[in-house]
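Residues per chain, in single letters:
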Amino acid sequence: MNTVLRHRLLWPAVVLAALLLTNLLFTGTFFAVQMRDGHLYGSLIDIVRFGAPLILVALGMTLVIATGGIDLSVGSVVSISGALACLRISGMDDQNTVSGVVAAAGLGLVLSLALGVWNGLLVAGVGIQPIIATLILMVAGRGLAQLITDGQIITVNSGPYKLIGGGYWLTLPFGVIIVLAVLALTAVLTRRLALGLLIESVGGNAEASRLAGIRSRGVIIAVYTFAALCAGVAGLMISSNVSSADGNNAGLWIELDAILAVVIGGTSLAGGRFSLGGTVLGALIIQTLTTTIYSIGVPPETTLLFKALVVTVVCLLQSPAFREKVFHRHRRPVPAPPAAEEKVRVPA
């Protein structure tokens, strides 16, 4: 029982369950899942579908934070990837050509990979602090997305492209299938292979890892590249879902939600150990919270405040020190060992 109560994912799971039950109180059919035209529909399906881009970005952010870094540029990468893909598709004679759509999506992902390598080189190669190195691309990336779209919203009418973020496959939203595939691949690479230990080692002490023979620079570049790739896929999903690309608003502030999801999931911002399952749970909490805000009718002007209060409660519940003070879970003092009796020497 004590092991369950001390599990890092207990309180996030409790908060998620509380949010879902709150929605059930306001919407009696909230848990209902229906099959329509061979597709699953329902509020729970919508939470996972709309939360898929955030889950992807948060997965990449988890590995970056595990190395002791941070990536503030993922929101800009989201907008750049979607903008470049939509620009390419909008210039096609037949926007429903599968090969053309695949090429456009691939072009957006290739640019995302290049931007991730750029961040990794600035952090690992040049030695710039991660928050500064990624802040550069966060600012410049929005400008690049605006240049790609020429300051306009690019709209497309492509069935194959719509599938990425708004379509269904095997009764499930295609975006959810993408997330499951990326999550499975990430789990295999980090938990079944030594890559996860290398990432945690670099996050714990990069210099000691280097002296131990680990190529810490290569690991850091790899995680920033992976984070940018995840953001690029999320950008395709977001632009696909609305069949348009907005270089100014697409992915706006998603980097902050991703960081919150990682922290709620139990990964320390100081680096070291990380939890992929916790990150997914944290992202679902944030998306469910957004759904709850609309369900209970929270005024739009207080939405951000309400969201901040809930996230604060989650973080406090995860703090062992806070729980000890509030729930009076003081450790019993360990009794001091009995003093050893002094041996008295008897004179001969």
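Refer to the structure presented above.
Cut-offs and rules
- Residues numbered from 1 in each chain as written.
- Predicted model: local features only at pLDDT ≥ 70, side-chain atom pairs only at ≥ 80, totals over all residues.
- Heavy atoms only, no water.
- Core = buried A, V, L, I, M, F, W, Y, C linked by side-chain atoms within 4.5 Å.
- Buried < 20%, exposed > 50% of the residue type's maximum accessible area, 1.4 Å probe, protein only.
- Helix = DSSP H or I, 4+ residues; strand = E, 2+ residues; numbered from the N terminus.
- Contact = heavy atoms within 4.5 Å.
- Pairing = 2+ DSSP bridges.
- Salt bridge = Lys/Arg side-chain N within 4 Å of Asp/Glu carboxyl O.
- Polar contact = N/O pair within 3.5 Å; in protein donor to acceptor, adjacent residues only side chain to side chain.
- Expected span 1.5 Å × (residues − 1).
- Patch = residues over 30% accessible without salt bridge, like charges linked within 9 Å, V, L, I, M, F, W, Y side chains within 5 Å.
- Areas by Shrake-Rupley, 256 points an atom, 1.4 Å probe, with all protein chains shown as cover.
- Phe/Tyr/Trp six-rings, centres within 6.5 Å; stacked < 30°, edge-to-face > 60°.
- Lys NZ or Arg CZ within 6 Å of the ring centre and 35° of its normal.
- Disulfide = S-S within 2.5 Å.

### Regarding the nonpolar core
Core analysis: the biggest nonpolar cluster contains 86 residues, and Ile55, Leu56, Val57, Met61, Ile89, Tyr161 and Ile199 have the highest contact counts within it. Broken down by element, this core gets its largest block of residues, 13 residues, from helix α3 (residues 43-66). When sequence neighbours within four positions are dropped, the list of residues in contact with Ile199 reads Leu63, Ala66, Thr67, Thr190, Val219, Val223 and Phe274.

### Considering the pairing of strand β1 (residues 33-36)
For β1 and strand β2 (residues 39-42), the ladder comprises four bridges, and the chain directions are antiparallel. When the sheet's bridge partners are listed, Met35 is paired in β2 with Leu40. The loop that links β1 with its antiparallel partner β2 comprises two residues; one of these, Asp37, has a positive phi angle of about 55°.

### Details of the pattern of salt bridges
A full pass over the atoms with the stated rule returns two salt bridges. With its nearest N and O atoms 3.7 Å apart, the salt bridge here joins Asp46 to Arg49. Placement of the pair is Asp46 and Arg49 together in helix α3, with a separation of three residues, close to one helical turn. Between Glu200 and Arg191 there is a salt bridge; the shortest N-O distance is 3.3 Å.

### Quick look at the environment of Ser112
Mapped onto the fold, Ser112 is located in helix α5 (residues 98-126). Distance in space between the C-alpha atoms of Ser112 and Gly232 is 5.5 Å, their sequence separation being 120 residues. Other than its neighbours up to four places away in sequence, Ser112 contacts Val77, Ser81, Ala228 and Gly232. A polar contact is formed between the side chain of Ser112 and the backbone oxygen of Gly108, at a distance of 2.9 Å.

### What about the environment of Asn119?
Inspection of the secondary structure puts Asn119 in helix α5. On the basis of relative accessibility, which here comes to 1%, the residue Asn119 falls in the buried class. The sequence separation of Asn119 and Leu135 amounts to 16 residues, and the corresponding C-alpha distance is 9.7 Å. Apart from residues no more than four positions distant in its own chain, Asn119 is found in contact with Asp71, Ser73, Ala133, Thr134, Leu137 and Tyr224.

### Focus on unusual backbone geometry
For Thr171, which is not glycine, the phi torsion reads 70° and is therefore positive. By the element assignment, Thr171 lies in the loop between β4 (168-169) and β5 (172-173). Look at Thr171 and you get partly exposed, because its relative accessible area is 29%. We note that Trp253 has phi near 65°; this positive angle belongs to a residue other than glycine. When you line up the elements, Trp253 lands in the loop between β6 (244-246) and α12 (254-264).

### Observations regarding helix α2 (residues 10-26)
Across its 17 residues, α2 extends 25 Å between first and last C-alpha, which sits within 8% of the 24 Å expected from 1.5 Å per residue. Within α2, burial applies to Leu10, Trp11, Pro12, Val15, Leu16, Leu19, Leu20 and Asn23.

### Remarks on a nonpolar patch on the surface
Among the surface-exposed residues, Ile131, Ile132, Leu135, Ile136 and Val139 lie close enough to one another that they form a single nonpolar patch of about 430 Å² accessible area. Along the polypeptide, Ile136 turns up in helix α6 (residues 130-149).

### Details of the side chain of Thr288
Looking at the element boundaries, Thr288 is found in helix α13 (residues 276-296). We classify Thr288 as buried; its relative accessible area is 1%. At 2.6 Å, the side chain of Thr288 and the backbone oxygen of Leu284 are in polar contact. If sequence neighbours within four positions are ignored, Thr288 has contacts with Leu16, Leu19, Leu20, Asn23 and Ile47.

### Regarding the side chain of Thr225
Its location among the elements puts Thr225 in helix α11 (residues 216-242). Judged by relative accessible area, which is 15%, Thr225 ranks as buried. Aside from chain neighbours lying at most four places away, what touches Thr225 is Leu113, Gly116 and Val117.

### A word on the packing of aromatic side chains
This model, assessed by the stated rule, comprises three aromatic pairs. For the pair Phe30 and Phe31, a centre-to-centre distance of 5.7 Å together with 55° between the ring planes defines the contact as tilted. For Phe31, a relative accessible area of 36% puts it in the partly exposed group. Aromatic side chains Trp169 and Phe174 sit 6.3 Å apart centroid to centroid with 65° between the ring planes, which places their arrangement in the edge-to-face category. Sitting over the face of the ring of Tyr41, Arg36 holds its NZ or CZ atom 5.8 Å from the ring centroid. Lying over the aromatic face of Phe50, Arg49 brings its terminal NZ or CZ to 4.3 Å of the ring centre.

### Section: the state of the cysteines
Applying the stated rule across the entire model yields zero disulfides. Considering cysteine sulfurs only, Cys230 is the nearest to Cys86, which forms no disulfide, with 20 Å between them. In this structure Cys230 comes out as buried when scored by relative accessible area, which is 3%.

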